[in-house]
Amino acid sequence: MKDSQERLEGFLKAAIPGLSGDLRLERVAGGQSNPTFFASFDNRRLVIRKKPDGAVLPSAHAIDREYRVLEALARMDIAVPPVLLYHEAGDVLGTSFYVMERVDGRVFHDGQLAAAPKGERVEMYRSAARMLAAIHRVDFERAGLSTFGKHGNFFNRQIARWTKQWHLSKMDDDIPEIDRLIEWLPANLPAGDQTTIVHGDFRIGNIMFHPVEPRIVAVLDWELSTLGHPMADLAHTCIYGWYVTPEEYGGLLGLDLPAHGLPTLDAFTAAYYEASDQKDRLGVFHIALALFRNAVIFQGIASRAKAGNANAGNATDVGRLASTFARRAVELIETSEKG
């Protein structure tokens, strides 16, 4: 890593005028996504995100797309870190990467917001709901993102994509609930269609709040962003709050929400609807699709762990969530069918 750090320091000083002092590089802990580093100089603090080393699934870890959407949304007054440059070649760090400014704020890796003042937690969730609505309201054509993804038919394409990823990453694992979802989802598509920018992984752990206020200063980790259906984005946010236990992924399932100063699922979605112009409402299909998608993502993490290419040390444990998410989706479907 010493040689690559020296190459990186030389590259950054040549590309970004005025940097002074030696580069201090620190790996950012946590997460299963693209490796992220704090890159600090005497007079400036930067962040670097790079594509992982080794083989990855097709279309995964799209650093170039992440850079593109950040650059575009900054012009649309969405709270994102300012990006500075993108480097495609692997001559500096072995894979492509981009550089952005480091924003001051608080990132909470648990949905309970345990380190935040109890009296501010509801407002922090309201801020998240309003921010997600603002992202979905962006005119993607005016932002220069009309080619950022396909228009319409998002749910069918998502089902096909994650079904394919499941077959690529399942290895020797067999999860019957995923097979059930692959059959159920295309047979239960909701009526109507629309297209907006979607973040793809909008949840508390990817939001940076102001250092002392319950407002958002930056939305992070845009690698799964595309053009899609806003209800898919909202469903993803909701499963990481109200469909996951604290032990599984820092969620809220099973908690006494009022006692912890946290909102209900209905309160969160109501704040989103109020701030958006959406006529659609979250349904069983959207939640089941989000759980299916994330089950396949977790299976991919488990596969990378077996291959030795996982980013996080707990990738094997996290990979086990694939069966948990799939089972929860099937339980939700069965409960709705009984009702």
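How each quantity is defined
Residues numbered from 1 in each chain as written. Predicted model: local features only at pLDDT ≥ 70, side-chain atom pairs only at ≥ 80, totals over all residues. Heavy atoms only, no water. Pairing = 2+ DSSP bridges. Helix = DSSP H or I, 4+ residues; strand = E, 2+ residues; numbered from the N terminus. Axes fitted to C-alpha atoms, helices over the stretch in contact; angles between N-to-C directions. Contact = heavy atoms within 4.5 Å. Salt bridge = Lys/Arg side-chain N within 4 Å of Asp/Glu carboxyl O. Buried < 20%, exposed > 50% of the residue type's maximum accessible area, 1.4 Å probe, protein only. Phe/Tyr/Trp six-rings, centres within 6.5 Å; stacked < 30°, edge-to-face > 60°. Expected span 1.5 Å × (residues − 1).

(A) Region of the structure containing the sheet that holds strand β1 (residues 24-27). Read from one edge of the open sheet, 5 strands run β1-β2-β3-β5-β4, paired in antiparallel fashion. If you trace the sheet from one side to the other, it starts and ends with β1 and β4 (83-87), each paired once. Taking each pair of neighbouring strands and ignoring which way they run, the sheet shows an average axis angle of 20 degrees. Sheet topology places β1 next to strand β2 (residues 36-41); 4 bridges connect them, and they run antiparallel. Among the inter-strand pairings, Leu-25 is bridged to a residue of β2, identified as Ala-39. Its contacts with the sheet put helix α2 (residues 63-74) on β3 (44-50), β4 and β5 (97-101), and the angle it makes with β4 is roughly 155 degrees.

(B) Looking closely at the sheet that holds strand β9 (residues 216-219). Across the sheet, which stays open at both edges, the 3 strands sit in the order β6-β8-β9 with antiparallel pairing between neighbours. One side of each edge strand has no neighbouring strand; the edge strands of this open sheet are β6 (106-107) and β9. Across 3 bridges, strand β8 (residues 207-209) lies against β9 in antiparallel orientation. Residue pairing in the sheet places Phe-209 in a bridge with Ile-216 of β9. Seen against the sheet, helix α3 (residues 121-137) touches β6, β8 and β9 and runs at an angle of roughly 50 degrees to β9.

(C) How the structure looks around the pattern of salt bridges. Evaluated as defined, the whole model comprises 14 salt bridges. Salt-bridge contacts for Arg-49 lead to Asp-221; the nearest nitrogen and oxygen are separated by 3.0 Å. Of this pair, Arg-49 sits in strand β3 while Asp-221 sits in the loop between β9 and β10 (226-228), placing them 172 residues apart in sequence. Residue classification places Arg-49 among the buried residues on the basis of a relative accessible area of 7%. Judged by its relative accessible area of 12%, Asp-221 falls in the buried class. Salt-bridge contacts for Arg-215 lead to Glu-213; the nearest nitrogen and oxygen are separated by 2.6 Å.

(D) Here's a closer look at the environment of Ala-232. Relative to the elements of secondary structure, Ala-232 occurs in helix α6 (residues 230-242). Separated by 33 residues in the primary sequence, Ala-232 and His-199 have C-alpha atoms spaced 9.8 Å apart. Beyond its immediate chain neighbours, meaning those up to four positions away, Ala-232 contacts Phe-154 and Phe-155.

(E) Highlighting the packing of aromatic side chains. A complete count under the given rule lists 15 aromatic pairs for this structure. Consider the rings of Tyr-125 and Trp-242, whose centres lie 5.6 Å apart with planes at 55 degrees: the pair is tilted. Here Trp-242 lies in helix α6 and Tyr-125 lies in helix α3, a separation of 117 residues in the sequence. Each member of the pair, Tyr-125 as well as Trp-242, carries the same accessibility label: buried. Centroid distance Phe-155 to Phe-285: 5.1 Å. Interplanar angle 75 degrees. Geometry classified as edge-to-face. In this pair, Phe-155 sits in helix α4 (residues 154-169) while Phe-285 sits in helix α9 (residues 284-307), placing the two residues 130 residues apart along the sequence. Comparing Phe-155 with Phe-285, the two get one shared label, buried. An aromatic cluster is present here, built from Phe-154, Phe-155, Trp-184 and Phe-285 joined pairwise through their rings.

(F) Region of the structure containing the pairing of β2. Of all 6 residues in β2, 5 are buried, a share of seventy percent or more. Across 6 bridges, β2 lies against β3 in antiparallel orientation. Among the inter-strand pairings, Phe-37 is bridged to a residue of β3, identified as Ile-48. Hairpin connection of β2 to β3: 2 residues between the antiparallel strands.

(G) View of α3. Between the first and last C-alpha of α3 there are 24 Å, a value that for 17 residues agrees with the 24 Å anticipated at 1.5 Å per step. Looking only at α3, the buried set comprises Arg-121, Met-124, Tyr-125, Ser-127, Ala-128, Ala-129, Met-131, Leu-132, Ala-133, Ala-134, Ile-135 and His-136.

(H) Expanded view of unusual backbone geometry. Of note in the backbone geometry, Asp-77 takes a positive phi value of approximately 65 degrees without being a glycine. Structurally, the position occupied by Asp-77 is in the loop between α2 and β4. For Asp-77, a relative accessible area of 74% puts it in the exposed group. You will see that Leu-113, though not glycine, has its phi angle at about 55 degrees, which is positive. A relative accessible area of 0% means that Leu-113 is categorised as buried.

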